[in-house]
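The lines below spell out each chain.
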Amino acid sequence: MIRAHKIRLHPTPEQANYFAKAAGTSRFVWNWALAEWNRQYAAGEKPTALKLKKQFNEIRREQFPWTWEVTKNASDQPILDLGKAFTAFFEGKARRPKFKSKKRSKPSFYLANDQMERGDHRVWIPKLGWVNMAENLRFQGKITGARVTRTADWWFIAITVEVPDMQSTKRPAAIGIDVGLNRLVTLSTGEEYENQAFLKTALGKLRQANKRLHRRKQGSKNREKARRQVARLHYRITCMREDVLHKLTTRLANCYGIIGIEDLNLKGLLKNRKLARSFSDASLGKLLNLLTSKVEQRGGQVMKVGRFFPSSKTCHCCRWKWEDMAVSDRVFLCQNQKCAYYQFEQDRDYNASLNILREALHLIGLVDQVVSGTGSDADVNLVMDAG
Ligand SMILES: [Zn+2]
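Cut-off values and rules
Residues numbered from 1 in each chain as written. Predicted model: local features only at pLDDT ≥ 70, side-chain atom pairs only at ≥ 80, totals over all residues. Helix = DSSP H or I, 4+ residues; strand = E, 2+ residues; numbered from the N terminus. Buried ≥ 20, exposed ≤ 12 C-beta atoms within 10 Å, placed from the backbone. Contact = placed C-beta atoms within 7 Å. pLDDT = per-residue confidence, 0-100. Pairing = 2+ DSSP bridges. Axes fitted to C-alpha atoms, helices over the stretch in contact; angles between N-to-C directions. Core = buried A, V, L, I, M, F, W, Y, C linked by C-beta atoms within 7 Å.

### A short note on the overall build of the protein
Moving on, step 1. Scanning the protein for helices and strands turns up 9 helices and 14 strands.
Moving on, step 2. Expressed as a percentage of the 387 residues in the protein, the buried residues total 26%.
Moving on, step 3. Considering only contacts within the protein whose residues lie at least 6 apart along the sequence, 65% involve residues at least 24 apart.

### Concerning the confidence of the model for the protein
Moving on, step 1. Of all residues in the protein, 88% attain a pLDDT of 70 or more, and the chain-wide mean is 86.
Moving on, step 2. Mean pLDDT values for the elements of the protein range from 39 in helix H9 (residues 377-386) up to 96 in helix H1 (residues 13-42).
Moving on, step 3. With pLDDT under 50 throughout, residues 369-387 is counted as low confidence; its partners more than four residues away or in other chains account for 27 contacts.

### Considerations on the sheet that holds strand S7 (residues 154-162)
Moving on, step 1. Spatially, S2-S6-S7-S1-S5-S4-S3 is the arrangement adopted by the 7 strands of the open sheet, whose pairing is antiparallel. Only two strands of the sheet have a single partner each, and these edge strands are strand S2 (108-112) and strand S3 (117-119). Here the average twist between neighbouring strands, direction ignored, is 35 degrees.
Moving on, step 2. In terms of strand pairing, strand S6 (residues 142-151) meets S7 through 9 bridges, oriented antiparallel. Each bridged residue has a counterpart across the sheet, and for Thr151 the counterpart in S7 is Trp154.

### What to know about the nonpolar core
Moving on, step 1. With 28 residues, the main nonpolar core has Ile175, Ile177, Ile259, Ile261 and Leu291 as its most contacted residues.
Moving on, step 2. Residue assignment for this core shows that the elements contributing at least two residues are strand S8 (174-179), strand S9 (183-187), helix H5 (221-255), strand S11 (258-262), helix H7 (275-297), strand S12 (301-305) and helix H8 (348-364).
Moving on, step 3. Filtering out sequence-adjacent residues up to four positions away, Ile175 remains in contact with Leu187, Ser188, Thr189, Leu252, Tyr256, Ile259 and Leu357.
Moving on, step 4. Core analysis: the second largest hydrophobic core is formed by 20 residues, Ala22, Val123, Ile125 and Val131 among them.

### Looking at the pairing of strand S4 (residues 122-125)
Moving on, step 1. Judged by which residues are buried, S4 turns out to be one-sided: Val123 and Ile125 face inward and are buried, whereas Arg122 and Trp124, on the alternate face, are not.
Moving on, step 2. Relative to S4, S3 is paired through 3 bridges, and the arrangement is antiparallel. Within the sheet, the bridge partner assigned to Glu117 lies in S4 and is Trp124.
Moving on, step 3. Between S3 and S4, which pair antiparallel and follow one another directly, the connecting turn spans 2 residues, one of which, His121, has a positive phi of 55 degrees.
Moving on, step 4. Pairing geometry for S4 and strand S5 (residues 129-133), over 4 bridges, is antiparallel.

This is the structure in C-alpha cells:
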C-alpha cells in the first residue's frame, strides 16, 4: 500500500528561491510539452511522452540551458505526467490537460526516490543540499518519491512510502452516518459533530481580509500583501477543518467495520457560492474520501446509500413515512399509533442516521437480523455475531 506524508519545510531564503525556480521549470516544461503535443496532434502525428522527452533533450542545450540549474526531475517528470494525463483523458477518466498558469496553478515539482535522501528532520535535494523538515517521516518503508508544493507562503514535501498492508483483527461493528450542511455528521450512536461553530472567528477574519483585498488597487504592493493574507487564512481554515475530519474518520475506521453513509450529490452542492457553505461542501467530499480510504485500509467496508433513499422522512422504528416533511422540520414525529416512538420527538438527523445504518446493512444482506430498537452498537454487534 502506498501512503503519503506531507511535511512542512523550513527552507532558507536561498532554498525557497531554488524551490520557486524548480517549480517554474516544471511549469515551463509542462507548457512546452503540451503546446508541442497539441501542435503534433493537429498535424496528424501521434505524440507520446517518450518522443517529446527525446525532442526536448535535443534542443535543451541550445534553447533551455537554465533547466539544468535544478533537479533533473523538474524537467523530465512533467513530460511523463503529461503523457499520463493524456492517457487518462483518452480513457474518459479526466479532463483534457490544460496549460499551467504562474498565478493560478499550484507551484510544485517532483523528486524521484533516487533524487532525494532522508535524514533526521531534513531532506537532501540535488543541487541544493539539506533542507530542514518540521517533522520526521511518519512511515517506515521504501520511499517511492516525493513532491514539493507551495501553499500560501509555505513549502511542503509530500513523501510517498510503500508500507505493508494493515491486517484487521477487529470484529466488524456497524454504524450509520448522516451528513449535513448544518451539522457535519450525526452518528447512529447519537453522537454529533458540529460543522461551523469552531471556525466562526476564522471565517469572520477571512471575510474581512477579502474585503480589504478588494479595496486595494490592482497591481499594487498592498494588494499583493492582502492577497497573501487571504491565502494564509484559507490555508489555516483548511488545516483546522482537516484536523477535525482526520480525527473523526480515524476514530470511525478504527471502531467500525461497516459504515453506512449517504451518497452525496457533491456537484449539486458545490454550486452555491456562500463562503461558509463552500468550505463545508469541500469538507463533505474530503470526509467521504478520507473515510473510504481509511476504512478500506483496515479491511472494512463503506456502504453508500442511494441519494434518493428517504432517510429523513422514514421512522427508523416502524418505517412510517412523513411524506410532507419539510427541510425546516428539525424534529421527526412518528404518527403511527402502534409505534414505540409514537409522537416521540426524535432529532431529524439522528433518525436519518439510524435509517442509513439499516439500509447499509440491508444492502449487504444483513438487515433482517437487525434487532429493531435503538440501533445502538450493541444491537448491531449482536447481528454481526449471528451472521
Ligand atoms: Zn414509528
